[in-house]
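The lines below spell out each chain.
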Amino acid sequence: MTFVQGIIAVLLTISALVMIVTVLMQSSERTGIGAVSGAAETFFGKSKARGMDAKLALITKICTGLFVSLSIVMMLIG
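Source: prediction; values computed, not measured.

Caption draft 1: The side chain of Q5, seen in detail. Relative to the elements of secondary structure, Q5 occurs in helix 1 (residues 3-25). For Q5, a relative accessible area of 15% puts it in the buried group. Among residues more than four places away in sequence, those in contact with Q5 are M74, I77 and G78.

Caption draft 2: Molecular detail of helix 3 (residues 52-77). An ideal rise of 1.5 Å per residue puts 38 Å on 26 residues; helix 3 measures up with 37 Å between its terminal C-alpha atoms. In this fold, the buried residues of helix 3 make contact with helix 1.

Caption draft 3: Geometry of the packing of helix 1 against helix 3. Contact pair helix 1 / helix 3: the axes reach a minimum separation of 8 Å and the direction vectors enclose 150°. In terms of their interaxial angle, helix 1 and helix 3 are classed as roughly antiparallel. Here helix 1 runs over helix 3; the crossing is left-handed. Residues that form the contact of helix 1 with helix 3 fall into these classes: 20 nonpolar, six polar and no charged.

Caption draft 4: Structural view of the environment of C63. Looking at where C63 falls in the secondary structure, it is placed in helix 3. Its relative accessible area of 9% is what places C63 among the buried residues. The spacing of C63 and I20 is 43 residues in sequence and 9.5 Å in space, taken between C-alpha atoms.

Caption draft 5: Focus on the environment of M19. With respect to the secondary-structure elements, M19 resides in helix 1. C-alpha separation for the pair M19 and K61, spaced 42 residues apart in sequence, amounts to 8.4 Å.

Caption draft 6: Quick peek at the side chain of T22. Within the element layout of this structure, T22 appears in helix 1. Residues within four places of T22 in sequence aside, it is in contact with L56, I59 and T60.

Caption draft 7: Quick peek at the confidence of the model for the chain. Counting all residues, the mean pLDDT for the chain is 83, and 74% of those residues have values of 70 or more. Within the chain, the lowest mean pLDDT, 56, falls on helix 2 (residues 34-37), and the highest, 95, falls on helix 1.

Caption draft 8: Quick look at the environment of I77. When you line up the elements, I77 lands in helix 3. We classify I77 as partly exposed; its relative accessible area is 43%. Residues I77 and Q5, spaced 72 residues apart in sequence, show a C-alpha to C-alpha distance of 7.7 Å.

So, how was this worked out
- Residues numbered from 1 in each chain as written.
- Predicted model: local features only at pLDDT ≥ 70, side-chain atom pairs only at ≥ 80, totals over all residues.
- Heavy atoms only, no water.
- Helix = DSSP H or I, 4+ residues; strand = E, 2+ residues; numbered from the N terminus.
- Buried < 20%, exposed > 50% of the residue type's maximum accessible area, 1.4 Å probe, protein only.
- Contact = heavy atoms within 4.5 Å.
- Expected span 1.5 Å × (residues − 1).
- Axes fitted to C-alpha atoms, helices over the stretch in contact; angles between N-to-C directions.
- Parallel < 35°, antiparallel > 145°, perpendicular 65-115°, else oblique.
- Left-handed = near helix turned anticlockwise from the far one by under 90°.
- Nonpolar A, V, L, I, M, F, W, Y, C, P; charged D, E, K, R; others polar.
- pLDDT = per-residue confidence, 0-100.

This is the structure:
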């Protein structure tokens, strides 16, 4: 393994861990089986994601893009 591959492997691991943590920290949008029967809130009753949820969603998207990009680079050089 070359130096560049080692750095990319470390960055892949870090982005994967951050992505896992941010996904687990996000609040659930469904209420389980109640969403199927209509017991959940309607679309218009919900407020849009603000604050912490919006930041977590943005971090998740960035980490996902970084993870996919680094995976492709690792495949091409490895």
